[in-house]
Structure formats: structure tokens, C-alpha cells
Amino acid sequence: MKIFFIIPPNIHYIEPYAYVEADKSNAIRPSLGLLYVAAAVKDIPGVDIRIIDMNIDEISMETLEKLIAEESPDIVGFSVLTFNLLNCMEVCKIVRKASTQAKICFGGWHPTLYPEETLAFGFVDYIVIGEGELTFKELVSLYLDGSGITEEKLSAVNGLGYKTSEGEIVINPPRPVVKKLDDLPLPAYDLVDPTKYSHLLACTDQVVNIMTSRGCPQGCVFCDLRRSPYRYRTPGNILEEIRFWVNKGVREFFIQDDNFTINRKRTIEFCNLLKDADLNITYKISSRVDYIDDELSEHLKRSGCYRIYFGVESGSQRILDYLEKGIKTQDIRKAFRSAQKFGIDCCAYIMIGVPSETKDDIDMTMDLIKEIRPRHLHCSICTPMPKTYLYNRLMEDGTIEHDYWLDFAKKPDPSFRTSFASKLYSAEELRDMQNAIQRQFYFNPGIIFHEILRTRGLKQFFAKFQMALRMLFH
Ligand code: B12
Ligand code: SF4
């Protein structure tokens, strides 16, 4: 059986909460979700998988149409975020035009949050809710058993949604999350060309993204992962993946976990193992500030960690409390001091436009930034994302008058614009403040000097230069 996984081209751009210029120049990374799902089925005899990244492989819609018509895949899968839904839909039109037999399967955050609405699209045949490895594998095995797909068989696949021959939407019971992540095969990087992916702020030409845990026990109100079951891979299992890449010449890794340091014991064990393995690699992570202290910073640095991305969010304790961040501004200062003491670059994610946030609160954030001196700064505008706690809370208290994300999920419209959470400032004022904060931070002689020093060749120099120009003149 033939399976195509398609990463759509960027046709529609829904303005994000991130700084627009940074968002546009952001990393081109393979979709780890798709690579994990592909890995779960690629070694099954009779399965032929192809991953088509229409941005990286520069495949036009016309070429794709021909390819689908010629190859006639049985299933075409997409990893769908609310933000790339419109792009996926554009490609689905082509798939449908080229083949009537290909079944279209949507997985990822969007169908997980909006299962019925997603299946209601005529062109979607299956959705996979939550983690996809086991559900998709079971779906594929139905194809391979040779006796044909029946509704009875589909109804036995937990985590799957499908339509009956009468068009009725069926959502099967959910599938429990994978408890032992070590049991999952490593992502199927062999199905993509990893040398084609890049990262603007990387130290080497080839960075491999890895994910070592899933879920988060913390309760930040804006985040989809709020209080989701935390599971992790063991240090030995992570090292196996790193070794695999080191043998292929890779020297830099981005540990893409939302929060790498949740389990302190595991972090220290991992650092020791990596240091003893003496692989001469570097890596970067994201962490909460309250998990970082001198001891951990020293372990991280010695094992090759060169950068930590911290969710600082705000310098105002009132705002941190509103966000249920569970940290004190003192924790922020302490974490930055610790990491910087051991020579780790610190990058701060901050947020403006939190409900009830005033100019004084934003000034407190900027004062804190001056004090903690991050190497990089990402300023976002607080945006209630679909079905997050923040979105639901603002709907309950009447701040959000109607469920506009639901409208979008039912009828995605390219003219849709993200709504920000603040009622004190207009979207334009927030964008202006965000632009001013980013420019003020980066057009600073110390930061520019450091960026030039860190630039590893002409290609990266031009990429950074282009971004600087866009920041100045957009
Ligand atoms: C790394 C990351 C990024 C990276 C890289 C994304 C990539 N190419 O992998 C970058 C920085 C580019 C990014 C950008 C954005 N991101 Co982001 N990102 C993440 C993050 C932290 C991890 C994603 C990941 O790799 N997970 C690991 C894999 C294994 O899990 P997974 O992708 O969910 O896949 C599993 C299942 O979903 C399912 N599955 C997924 N795809 C498929 C496909 C099929 C066919 C099947 C069967 C199953 C299946 O099976 C997989 C394995 O179990 C998540 C938070 C999170 N932890 O999920 C946010 C997250 C996905 N991002 C989010 C958002 C909002 C954005 C941005 C809009 C941010 C912005 N710029 O303002 C952009 C949008 C990008 C775009 N246009 O599509 C939201 C999405 C919410 C939503 N409703 O869609 C999340 C959930 C964060 C949040 N708000 O809480 N992101
Ligand atoms: S923002 Fe980070 S710490 Fe907070 S809930 Fe999400 S993943 Fe956890």
C-alpha cells in the first residue's frame, strides 16, 4: 500500500502572535509529528511511504497533481495545526482532483481539538486524534489484511474518526497516551533530506531536532499542554538517537521539548551520559526558569548545551499570576544568572497584551529584560488559542463574545485574523509595541556585535541581514 505524507506550501498566512518578521524567517524544520507517525509504519512489509515537503522539495501544485495521479496513493496524510489548516485544504483540492481512491487523513492538533468539524469537510476521510503512532498503525494494518475496509473494522480503532457510507461522522473512543516513549521507533528522518533544513540562529549547517518528552504538568493558561500527562524518554534512549546522527556527521541538536528539564534527575543523568560519551556535540533546549539553578546549569553546559529558551512572559508579578505561570520574577533573575554564569546563551520569550496588562506592566517587563540581558528576545502578543484555558475563561467572563475559533474550524476563511486577548489596546497598538520592543532589543550595538561574531558563513550572514532589513523597513 502507498502512503503519502504531505507538508503543504505556505499559501495563506494567518498572522501569528509571534513577531511577524521573525515568524517569516523562522526555522524550516521537518514535522516531527509526521516523522514519528511514518516511523511507526515504514517497516511494515508492503508499506511504501513518501514524505513530500512542498516547501523544501519545491514541488508545485501541478507536479503534485501529476504525482498523485501516477502513483495513486491509498492514504494521503497531513499534520494539521489550526494555523496551517487553510494550506492543507488547498493541497487536498489537488489530491481529490487527481485521485478519487486516495483517502485523506488529518492528524495533529487541529483535528484533535475539532474532530467533528474537521470530519465534516467533505474531502477528509479519516482523522487521528492525539498521538498518532498506534492509531495510524492500526488503520494501516486494516488495509494490509486484504479483506477490505469495513465500518465495523474502522469502529474498533481507538483514536480514529471516520465517516460511514451514509456520511455520518463517527468518533471512536480516545486512545490512551503512550506511556513508555522509549518503545516508539525513532522519527523517520531517512524519509526526508535532513540537510535541506536549517535554523537561522544555529551554530552549524545541519541541526537535527529531537523530542525527548511529551506533555507538561504545569498550568500556564495560554498553552495547549497545560496539565497534560508528562512522559519522557530515558537518557540512554536519547543518546542512541544522538549517536545515530553523530555517525552521520551531525554536531548540533535542538531538543524541541516544550520543557526539557521537568524531571531534574533525568536531566542530570542525561548530561552525565552525554559528557561521558564525549561526542563533541552542542545542543539547545527550552526550560522553565524555576527548574534552573547553578548545579543544573553546570551539568547542562558541560554536556554541550549552549542555549536555553526561557518562557519569561512578564516582569510583572500580577501578570505572571494571571497567566498561572507558577513562577516569581525572582526565579527569572536567578535562572538567567545561573545559566549565564556557566556561559549558556539565554533567550527570553515575553508576552504583551495579556488581559488587564497596562503600560506600567509592560515597562516592568522591559526593565526586567534590561536587567537579565538575554542574548535573544521573542516578543509575542497574548492570543487566546483554540480551546485553551485562557480562551475558555475569556468566553465565560464575556470578554470573548462568540466562539470565533469554532467558526473558523467550521468554515476556514483566508481573511480570518487572529484576535488578541487585550481589551485595553487595539491590535494595531499591540503590533506597534511588539515591533518597537523587537527593534529596540536587536538594534543595540552589543547584540549586533555578538550576532556578527556568531555568524558562521555568508549564507547565514545574508539571512540575518535580510531579517534586519525587514525589521527596519517593513
Ligand atoms: C516545535 C513547535 C513548533 C516549531 C516547529 C513545528 C514543526 N515543524 O514541527 C515552529 C517554531 C516552526 C512552530 C511554529 C508554530 N507553532 Co508550534 N509548536 C511546536 C511544539 C512545541 C512541538 C511540536 C512537536 O514537534 N511535537 C512533537 C510531535 C511528536 O507531536 P505532534 O506534532 O503533536 O504529533 C503527534 C500527533 O499530533 C499526531 N500527528 C501529528 N501529525 C499527524 C499527521 C498524521 C497523518 C497522523 C495520523 C497523526 C499526526 O501524531 C504525532 C505523534 O504522536 C508544539 C507544542 C507541542 N508539544 O505539541 C507547538 C504547537 C504545535 N505550535 C502551535 C502554534 C500556534 C504555532 C505557531 C502559530 C506559532 C506562531 N508562530 O505564532 C506557528 C505555526 C506554524 C505553522 N504555520 O504551521 C500550537 C498549535 C495550536 C493549534 N491549535 O494548532 C502548539 C500546540 C503550541 C501551543 N500553543 O500550545 N511550532
Ligand atoms: S508554557 Fe511551558 S511550562 Fe507552561 S504549560 Fe506550556 S509547556 Fe508547560
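These numbers come from a predicted model, not from an experiment. (Residues numbered from 1 in each chain as written. Chains lettered and ligands numbered in written order. Predicted model: local features only at pLDDT ≥ 70, side-chain atom pairs only at ≥ 80, totals over all residues.)

Visitor: Got a minute to help me understand the overall build of the protein chain in this structure?
Guide: The helix and strand tally for the protein chain stands at 19 helices and 15 strands. Relative to the compact-globule value of 23 Å for 474 residues, the protein chain shows a C-alpha radius of gyration of 23 Å, a close match. The principal-axis extents of the C-alpha atoms in the protein chain amount to approximately 65 × 55 × 40 Å. Within the protein chain, buried positions represent 37% of all 474 residues. Sequence separation of at least 24 residues holds for 76% of the intrachain contacts in the protein chain that already meet a minimum separation of 6. (Helix = DSSP H or I, 4+ residues; strand = E, 2+ residues; numbered from the N terminus. Rg over C-alpha atoms; globule rule 2.2 N^0.38 Å. Buried ≥ 20, exposed ≤ 12 C-beta atoms within 10 Å, placed from the backbone. Contact = placed C-beta atoms within 7 Å.)

Visitor: Explanation requested: the sheet that holds strand β12 (residues 282-287) in the structure shown.
Guide: Hydrogen bonds along the backbone pair up the strands of a sheet, which may run parallel or antiparallel. Pairing is parallel in the open sheet, where 6 strands are placed in the order β8-β11-β12-β13-β14-β15. Strands with a single pairing partner mark the edges of an open sheet, and in this sheet they are β8 (207-210) and β15 (376-381). The mean angle between the axes of side-by-side strands here comes to 20 degrees, regardless of whether they run parallel or antiparallel. Here helix α14 (residues 359-372) sits on the sheet and contacts β14 (345-352) and β15; the angle it forms with β14, its principal contact strand, is near 175 degrees. (Pairing = 2+ DSSP bridges. Axes fitted to C-alpha atoms, helices over the stretch in contact; angles between N-to-C directions.)

Visitor: Before we go on, may I ask you to explain the domain arrangement of the protein chain in this structure?
Guide: Where interface size is given, it is often the accessible area lost as the parts come together that is meant. Split by domain assignment, the protein chain resolves into domain 1 (2-171) and domain 2 (201-383 + 420-442). A separation of 30 Å is found between the C-alpha centroids of domain 1 and domain 2. Every contact between the two is made by 7 residues of domain 1 and, on the other side, 11 residues of domain 2. Here the residues of the side of domain 1 that touches domain 2 are counted per class, giving 6 nonpolar, no polar and 1 charged. (Domains from an automatic or database assignment. Nonpolar A, V, L, I, M, F, W, Y, C, P; charged D, E, K, R; others polar.)

Visitor: Quick question: what am I supposed to make of the site of ligand 2 here?
Guide: Every residue lining ligand 2 is accounted for by Cys 216, Gln 218, Cys 220, Cys 223, Leu 225, Arg 226, Asp 258, Asn 259, Arg 288 and Gly 311. Here the residues of the shell around ligand 2 sort into 4 nonpolar, 3 polar and 3 charged. (Near = placed C-beta within 6 Å.)

Visitor: So what exactly am I meant to see when it comes to the pairing of β15 here?
Guide: Two faces, one strand: in a regular strand the side chains alternate between the faces of the sheet. Sheet topology places β14 next to β15; 6 bridges connect them, and they run parallel. Paired with Met 351 across the two strands is Ser 380, which belongs to β15. Once the chain exits β14 it traverses α14 before rejoining the sheet at β15, and the crossover so formed is right-handed. (Right-handed = clockwise from strand over helix to strand, strands pointing away.)

Visitor: Teacher, can you tell me more about the site of ligand 1 here?
Guide: Every one of the 39 residues lining ligand 1 counts as a neighbour, but Pro 16, Gly 33, Gly 77, Gly 107 and Gly 132 are closest to it. Taken together, the elements giving at least two residues each to the shell around ligand 1 come down to α2 (32-41), β3 (75-79), β4 (103-107), α5 (109-113) and α7 (133-144). Broken down by element, the residue count for the shell around ligand 1 peaks at 5 residues, all from α2. Residues of the shell around ligand 1, tallied by class, amount to 21 nonpolar, 12 polar and 6 charged. When residues of the shell around ligand 1 are assigned to domains, at least three map to each of domain 1 (2-171) and domain 2 (201-383 + 420-442).

Visitor: Please explain helix α4 (residues 85-98) as it appears in this structure.
Guide: Side chains three or four residues apart in an α-helix point the same way, a direct result of the helix having 3.6 residues per turn. With 14 residues, α4 should cover 20 Å at 1.5 Å per step; its first-to-last C-alpha distance of 20 Å lies within 8% of that length. Buried residues of α4: Leu 85, Asn 87, Cys 88, Met 89, Val 91, Cys 92, Ile 94 and Val 95, and no others. Of the surrounding secondary structure, the elements contacted by the buried residues of α4 are β1 (2-7), α3 (61-71), β3, β4 and α5. (Expected span 1.5 Å × (residues − 1).)

Visitor: It is not clear to me how the nonpolar core should be interpreted in this structure. Could you clarify?
Guide: In a soluble, globular protein the nonpolar side chains are often hidden away together inside. Counting residues in hydrophobic clusters, the biggest one holds 61 residues, and the most contacted among them are Ile 308, Phe 310, Leu 323, Ile 332 and Cys 382. Two domains each donate at least three residues to this core, and these are domain 1 (2-171) and domain 2 (201-383 + 420-442). Apart from the residues lying within four places of it in its own chain, the contact partners of Ile 332 are Val 289, Val 312, Ile 327, Leu 368 and Ile 372. Ranked by size, the runner-up nonpolar core spans 48 residues in total, among them Cys 88, Cys 92, Val 95 and Val 128. (Core = buried A, V, L, I, M, F, W, Y, C linked by C-beta atoms within 7 Å.)

Visitor: What am I meant to see in helix α10 (residues 264-277) here?
Guide: The first and last C-alpha atoms of α10 sit 20 Å apart over 14 residues, in line with the 20 Å expected at 1.5 Å per residue. Turning to α10, its buried residues number three or more, namely Thr 267, Phe 270, Cys 271 and Leu 274. Looking straight down α10, one finds its buried side chains confined to an arc of 100 degrees; they lie on one side. For α10, exposure combined with an orientation more than 90 degrees from the buried face picks out Lys 265 and Asp 276. Those residues of α10 that are buried lie in contact with α9 (235-246) and α11 (294-302). One or two steps after α10, the chain reaches Asp 278, where phi turns positive at roughly 50 degrees. (Arc of directions from axis to C-beta.)

Visitor: Whenever I open this one, the environment of Val 208 confuses me. Can you help?
Guide: Structurally, the position occupied by Val 208 is in strand β8. Remark: the alpha-carbon pair of Val 208 and Tyr 189, spanning 19 residues in sequence, is separated by 9.3 Å. Those residues in contact with Val 208 that sit more than four places away from it in its chain are Pro 194, Trp 245, Val 250 and Phe 253.

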